[in-house]
Amino acid sequence: MATMKFMCDAERCIECNGCVTACKNANEVEWGIQRRRVVTLNDGEPSEVSISVACMHCDDAPCIAVCPTETLYQRDDGIVLHDKDLCIGCGYCLYACPFGAPQFPKQNAFGERGKMDKCTFCAGGPAETKEEEYQKYGANRIAEGKLPLCAEMCSTKALLAGDAQEVADIFRQRVVQRGHKDGGWSGNPRADADSLAYDATHQG
Amino acid sequence: MSISTRGTGPCRLFLMLLVVLASLVLAPLTLAQEADPGREAAFAVPTVDADVWRQVKSGETGPNYRDSRYGSNYSLINASGETWRQIRNDWISPAGLIALGSMLAILVIFYLIVGRSDLDEERTGRKLLRWTALERAMHWTVATLFIVLALTGLNLLYGKFVFRHAFGDAFWSSMIALTKLVHNYVGPVFGILLLLMLAKWLTVNLPRKHDWQWFKQGGGMVGNKHPDAGFANGGEKAWYWILASVGLLVIVSGFVLDFPLFGQTRDNMQWANMFHAVTSLILMAVSLGHIYIGTIGTEGALEGMTSGYVDETWAKQHHNLWYEEVKDQVTSEEQLAASRSSGQGDEPAPRSG
């Protein structure tokens, strides 16, 4: 069984927000909810770098561990899904999540938050019919043999999604070639810096 | 045209030579500069290196941080989430069960070995007013809300291990949704009433010298000795001050959790949740002792909070100093029945801790 993972190659991300838009479009999430976001560090400086973040479908997910209702659960392929019928909007998953993935449509007095929403890896969620599933959770592209739309639409292929082993292999190959002295990235001062995105064996 | 060319000829030749010479001399120099990694590093564009990612992982974000989510001020990594999860799930949750379970066990063992604290003498039939109607109403309202909040709170912490598997998803989803709704709406009512009750009973619960003696003699729970006590004995005062301290923390942390309208961060909520869980579990454990002593643990105590009146014998035995103050106000059961049928209200008896 594959273990599904996202990976964002920050050296490639150009903060076009295409993934954010693709996600919104594929899943028709309600107003105010944005399952994927792009975070930019050192914004406006030469060292600016961006990374696309959503639910990372943790192996040992803290959200599942703290949920008082067992709304959150993990499929055999590692995708963390949520059951909207069980959610009471307590907010615990958000307090525990390392990535700020769970979101709530409201934030009102008496802890009225509505039902939590988060990235489903385009794998939908528990529902009786396909229509209900789409209405509650958005697309189930995994069931159709497709990968999440955010990664599929990424213009620079910074955002990768799929089996963890394959994603890791793609990234490893990139790292080796970026560091290569004949490669397109050679001579880039970034390649000489202490960056794990470049192969250390080719430095110096 | 040709003249002018001829005229500038030597000059041009000289310039061209100069350029060729210069490039011959300087070219190796510039090449050497490009190949010098030390020199290049000095001019290199600073990048996001491993240290920056370590900083991100620790939960920090610099001033030039931007999040594409509207209005979001989330740091990229919420570093304390996993710590909170471990403290809540691995420490607070089991500790709460241990505290409640051992308190129950202690009370059962105490009841089996020592048994009820009976009245030493016969009841006289003469009654003393101990709790006014307002006080009783307050006590039972707060008590009911406390039990509702305790049960719903326990369900939020432990319910998922029991009810979903026992009764199925349909039952569990309605039950837990109702639990959260009740807990969040009843909580503030309880908080306000508890504060009013604490204010009402502050004066009688101020510590006195004889309270220390009361504690030194274990409150007379074992044996036949009955240490001095005013309107409130040492144990009641201890319960009062636990409610005034730990209870206050429950109210404050509950308020932070229940009204996420003041820009609370995820860290604030984690702290509030831990405080709320620990303090309310302490209250629950201690309340079991309070309930035991007030019901099956002491003969003649519960009627004080149900009818408002206690027997003269009970007052003499458990609150001797208070009894000395109010013994001239005893009323017989017949007088009580008469005043009740004529609709007379309760007159509070004088009190001093």
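Each value, and the rule that gives it
- Residues numbered from 1 in each chain as written.
- Chains lettered and ligands numbered in written order.
- Predicted model: local features only at pLDDT ≥ 70, side-chain atom pairs only at ≥ 80, totals over all residues.
- UniProt positions renumbered as here; feature names shortened; annotations may be inferred.
- Helix = DSSP H or I, 4+ residues; strand = E, 2+ residues; numbered from the N terminus.
- Contact = placed C-beta atoms within 7 Å.
- Axes fitted to C-alpha atoms, helices over the stretch in contact; angles between N-to-C directions.
- Left-handed = near helix turned anticlockwise from the far one by under 90°.
- Core = buried A, V, L, I, M, F, W, Y, C linked by C-beta atoms within 7 Å.
- Buried ≥ 20, exposed ≤ 12 C-beta atoms within 10 Å, placed from the backbone.
- Pairing = 2+ DSSP bridges.
- pLDDT = per-residue confidence, 0-100.
- Parallel < 35°, antiparallel > 145°, perpendicular 65-115°, else oblique.
- Nonpolar A, V, L, I, M, F, W, Y, C, P; charged D, E, K, R; others polar.

Looking up chain B in an unreviewed UniProt entry gives the name Formate dehydrogenase gamma subunit, with the organism given as Halomonas ventosae. Entered under Subcellular location (unreviewed entry) in the UniProt record, the comment concerning chain B runs "Cell membrane". The UniProt entry for chain B carries the following text under Sequence similarities (unreviewed entry): "Belongs to the formate dehydrogenase gamma subunit family."

The name given to chain A in an unreviewed UniProt entry is Formate dehydrogenase beta subunit, and the organism recorded there is Halomonas ventosae.

With that settled, the discussion passes to the overall build of chain B. Along chain B, the regular secondary structure elements total 14 helices and 4 strands. Long-range pairs, those at least 24 residues apart, make up 74% of the contacts in chain B with a sequence separation of at least 6.

Attention now moves to the overall build of chain A. Counting secondary structure elements, chain A contains 7 helices and 6 strands. Element order for chain A, N to C, with α for helix and β for strand: β-α-β-β-α-β-β-α-α-α-β-α-α. Contacts in chain A between residues at least 24 apart in sequence constitute 51% of all its contacts with a sequence separation of at least 6.

Before going further, it helps to spend a moment on the environment of Ile88 of chain A. Position of Ile88 of chain A among the secondary structure elements: in the loop between strand S5 (80–82) and helix H3 (92–96). The spatial distance from the C-alpha of Ile88 of chain A to the C-alpha of Lys115 of chain A is 6.4 Å, given a sequence separation of 27 residues. Setting aside chain neighbours within four positions, we find Ile88 of chain A in contact with Thr69 of chain A together with Ile176, Ala177 and Lys180 of chain B.

Moving on: the packing of helix H5 (residues 133–158) of chain B against helix H7 (residues 169–200) of chain B. Here H5 of chain B crosses H7 of chain B at 145°, and the two axes come no closer than 8 Å. Judged by the sense of rotation from one axis to the other, the crossing of H5 of chain B with H7 of chain B is left-handed.

Quick look at the nonpolar core now. Judged by nonpolar contacts, the single largest core of 57 residues is most densely connected at Cys63, Cys93, Ala96, Cys150 and Leu159 of chain A. If one sorts the elements of this core by residue count, H3 of chain A sits on top with 5 residues.

Residue and element names in this part refer to chain B. Spatially, 3 strands are ordered S3-S2-S4 in an open sheet, and the strand pairing comes out antiparallel. The open sheet terminates on both sides in strands that have one partner only, identified here as strand S3 (309–311) and strand S4 (331–332). With 2 bridges joining them, strand S2 (residues 126–129) and S4 adopt antiparallel strand pairing. Residue pairing across strands places Arg126 opposite Ser332, the latter belonging to S4.

We now examine the interface of chain A and chain B. With 46 residues of chain A at the contact, the number on the chain B side is 49 residues. Per-element accounting of the side of chain A that touches chain B gives the leading share, 5 residues, to strand S2 (residues 37–41) of chain A. Sheet analysis places S2 of chain A next to strand S1 (residues 66–67) of chain B, joined by 2 bridges and oriented antiparallel. Bridged to Val39 of chain A within S1 of chain B is Asp67 of chain B.

Moving on: the confidence of the model for chain A. Residues with a pLDDT of 70 or more make up 88% of chain A, whose mean pLDDT is 90. The weakest mean pLDDT in chain A belongs to helix H7 (residues 189–192) of chain A at 60; the strongest belongs to S5 of chain A at 98.

With 3 bridges connecting them, S2 of chain B and S3 of chain B associate as antiparallel partners. Across the sheet, residue Lys127 of chain B finds its bridge partner in S3 of chain B, namely Asp311 of chain B.

Moving on: the sheet that holds S2 of chain A. Taken together, the 3 strands give an open sheet; going across it, the order is S3(A)-S2(A)-S1(B), and neighbouring strands pair in antiparallel fashion. Here the strands that pair on one side only, and so sit at the sheet edges, are strand S3 (49–53) of chain A together with S1 of chain B. Direction of pairing for S2 of chain A relative to S3 of chain A: antiparallel, over a ladder of 5 bridges. From the neighbouring strand, Leu41 of chain A faces S3 of chain A, where its bridge partner is Val49 of chain A.

With that settled, consider the pairing of S3 of chain A. Burial of S3 of chain A is extensive: 5 of the 5 residues sit out of reach of the surface. Covered by surrounding structure in S3 of chain A are Val49, Ile51 and Val53 of chain A together with Ser50 and Ser52 of chain A, the residues of both alternating faces.

All names here are of chain B. One can describe the packing of H7 onto helix H9 (residues 234–258) by two numbers: an axis separation of 10 Å at closest approach and a directional angle of 150°. By the angle between their directions, the pair H7 and H9 is classed as roughly antiparallel. H7 and H9 meet at a crossing whose hand is left-handed. Facing H7, whose interface residues are Asn184, Gly187, Pro188, Gly191, Leu194 and Leu198, H9 presents Leu243, Ala244, Gly247, Ile251, Gly254, Phe255 and Asp258. Grouping the amino acids of the contact of H7 with H9 by side-chain chemistry returns 7 nonpolar, 5 polar and 1 charged.

Residues and elements named next belong to chain B. The predicted model of chain B has a mean per-residue pLDDT of 87, with 84% of residues at 70 or higher. Contacts from residues 1–7, a stretch scored under 50 in pLDDT, to residues over four places away or in other chains number 0 contacts. As scored by the predictor, the complex reaches a pTM of 0.86 and an ipTM of 0.90.

This part is about the environment of Gly101 of chain B. Relative to the helices and strands, Gly101 of chain B is located in helix H4 (residues 81–113). A sequence separation of 170 residues divides Gly101 of chain B from Trp271 of chain B, and the C-alpha atoms of the two residues are 25 Å apart.

Residues and elements named next belong to chain A. For Glu28, which is not glycine, the phi dihedral falls at a positive 50°. Of note, Glu28 is situated in the loop between helix H1 (18–27) and S2. Residue classification places Glu28 among the exposed residues on the basis of 10 C-beta atoms within 10 Å. In this structure, Cys122 takes a positive phi of about 50° despite not being glycine.

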